[in-house]
Amino acid sequence: MRRKTSQHLIPINKNNPCETSYDIYPSSHVKKGSIKIGYATLAEEISTARIVILDGYVGVDWEEVRSSLDSELRTMGLNTSFINVNDFLKPEETISSLVEPFLGGADPIFGRKTNLKLVDYFESSEFENIKTNPKANINIIYGTGASESGIDGLLVYFDLPKNELQYRMRANEVTNLGLNTPKDHKQMYKHFYFVDWPILNSEKKKLLPHISIIVDQQRLGKPVWMSGENLRNGLKKMSQSYFRVRPWFEPGVWGGQWMKDRFKDLNQDVPNYAWSFEMIVPENGLLFESDGTLLEVSFDMLMFQEKENILGKAAKRFGDEFPIRFDFLDTFQGGNLSVQCHPKSDYINKEFGENFTQDETYYILDAADGAKVYLGFQEGIAPNDFKKALNHSHSTKEVLEVEKYVQKLPAKKHDLFLIPNGTVHCSGVNNLVLEISATPYIYTFKMYDWQRLDLDGKPRPLNIERAFDNLNFERQGQIVQDTLISKPTIEALGKDWQKVHLPTHPDHFYDIYRYDFDNKVIIDTHNQCHILMLVEGESIELSIEGFPNQFFYYVETFTVPAAVGSYTLVNKGQKSVKVIVSFVKDEAC
């Protein structure tokens, strides 16, 4: 088993492009003939180079790469010489000691973002002893970190989407960088997030301008590739027009049926879908398409190359980091989320090395009658009483009377609940939540989880102590109603449209608006990146001067970069539409 997941492997060819509803494989076109398939075509492309550097991300199957290219090149009558950079890694014990300070010890979830560099993993002096084979037609240095050898050659970069990396992780097919054996999966993910990803993202940023060929290796045995020039041109085009990331979906212990019922291209042979990562930049990828063939690269490549075009005035503050995320939380016919909070700004920086914190909102995209959201404390709560009750429930496995401590508020379609850091909260049953939030996404301090086991049959980790380091007990009683439920106001209107402001909390660095219209609206980015979703209606058409028009359908997320300036949305359905727009507040830039 090379991957362990209920989710389909992305097809090579987009044979049946979705034309009337939510598309799970959204793609950006590159010129005809740009994307090629297979090791045979790749071997032919590199065959005239004297030295080739095969570099890439953690999780790439380097043995498949080496053996497949060797076979194809020998079939062409070429003598090959391969050098594996793994042979120049420091001993595993040394690497483990290097990364240990960033892994949070026994903490099951949290570590601290590393400041290590990829060069720290190698015995750099040994690279000086690398000798190419003068009798070989082609010398190939390969493996993650091959560019650290310092040898000049044709640079081929193998990328791997984060979802496929995790599916390989769950099948014990990959290890963390520099290690020989897989860890427990939660520990391996923590190691990826806090160590491997920061190191390799930094390396990828350095290499991006020099990549001659980019390869998507997620389909084992069938890589797809295109030139680095076409990659960079495609990223430039996205930064001047629009883009939609490839979403990905996961079942969960509290997951619901809303997405499963509506997104028919998803695997239906799962109990539920809890999440859709609509726009969670550290996890999502971008799809390019040529002649129906799909190639995926990580989203961060776009930010590394085009951050000014993408973020405009916000680039000064956020740099390469995309600041806002969109994701779905589906509890229709499911369960409550865990009772939780998120860290204060100084805490997340000090403890985990993040530059900004996980401030959230819940936009209720759909809700059944009687749906609720848990938000803020009851009036007069005693913190010590709440903590004692949580610890007692955790130790005895007794059910906690949550509503004794936390307010339970009615949730209706298009409500916006504000969840700045330190706020106790969770979604109740029968909501489809569009979570509009700051990008950090793993820093959820669970205090109570309704005595459930996870899908793997193990208890879900709680973080009661961390939560109490961050909880804001002033958010209780009427203050919750007054300050944590957005009060919409109409900011502008015309004959058949209105611009509705859904104010966020002062702690939120991002704002939210909604355009309700019958025919069309014209919107100016004001040099800010706009993240949008059609939250009511059938379809809209996006028009940007100089680029082909693009259709988007109900609940599809898409982004208009700051560089666009002005754009037009046209209602293409029979009913009025509502479109959410989120962007960084000017004063937060």
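Data block above holds the structure.
This structure is a prediction, so every number in the text was calculated from the model and none was measured.

Reading the values: the criteria
- Residues numbered from 1 in each chain as written.
- Predicted model: local features only at pLDDT ≥ 70, side-chain atom pairs only at ≥ 80, totals over all residues.
- Heavy atoms only, no water.
- Pairing = 2+ DSSP bridges.
- Helix = DSSP H or I, 4+ residues; strand = E, 2+ residues; numbered from the N terminus.
- Salt bridge = Lys/Arg side-chain N within 4 Å of Asp/Glu carboxyl O.
- Buried < 20%, exposed > 50% of the residue type's maximum accessible area, 1.4 Å probe, protein only.
- Contact = heavy atoms within 4.5 Å.
- Axes fitted to C-alpha atoms, helices over the stretch in contact; angles between N-to-C directions.
- Parallel < 35°, antiparallel > 145°, perpendicular 65-115°, else oblique.
- Left-handed = near helix turned anticlockwise from the far one by under 90°.

To continue, consider the pairing of strand 30 (residues 566–571). Inspection of the sheet shows strand 25 (residues 520–524) paired to strand 30 by five bridges, in the antiparallel sense. Bridge pairing in strand 30 links Ile522 to Thr568. Across four bridges, strand 27 (residues 539–543) lies against strand 30 in antiparallel orientation. Among the inter-strand pairings, Glu541 is bridged to a residue of strand 30, identified as Val570.

Another aspect to go through is the pattern of salt bridges. Counted under the stated rule, the structure contains 39 salt bridges. Residue Lys206 is joined to Glu148 by a salt bridge in which the shortest nitrogen-to-oxygen separation is 3.1 Å. With Lys206 in helix 6 (residues 185–207) and Glu148 in the loop between strand 5 (138–142) and strand 6 (154–159), this pair connects stretches of sequence that are 58 residues apart. The class for Glu148 is buried, based on a relative accessible area of 17%. One salt bridge in this structure joins Arg466 and Glu351, with 3.6 Å as the shortest N-O distance. Within this pair, whereas Arg466 is found in helix 13 (residues 464–468), its partner Glu351 is found in helix 11 (residues 345–352), the two being separated by 115 residues in sequence. We classify Glu351 as partly exposed; its relative accessible area is 31%. Via salt bridges that share partners, Glu63, Arg66, Asp70 and Arg74 belong to a single interconnected network.

The next point concerns the sheet that holds strand 3 (residues 51–56). Ordered in space as 2-8-7-6-3-5-4, the seven strands form an open sheet in which the pairing is mixed. For this open sheet the edge positions go to strand 2 (36–37) and strand 4 (80–84), each flanked by a neighbour on one side alone. Pairing between strand 3 and strand 6: five bridges, direction parallel. Bridge pairing in strand 6 links Val52 to Leu154. Those strands touched by helix 1 (residues 39–46) are strand 2, strand 3, strand 5, strand 6, strand 7 (213–216) and strand 8 (224–227), and its axis lies near 165° from that of strand 7.

Running from N to C, helix 1 and helix 2 (residues 62–75) point in directions that differ by 70°, and their axes come no closer than 9 Å. By the criterion of interaxial angle, the relationship of helix 1 to helix 2 is roughly perpendicular. Viewed along their axes, helix 1 and helix 2 form a crossing whose handedness is right-handed. Contact with helix 1, carried on its side by Tyr39, Ala40, Leu42, Ala43 and Ile46, involves Glu64, Val65, Ser68, Leu69, Glu72 and Leu73 of helix 2 and no other residues of that element.

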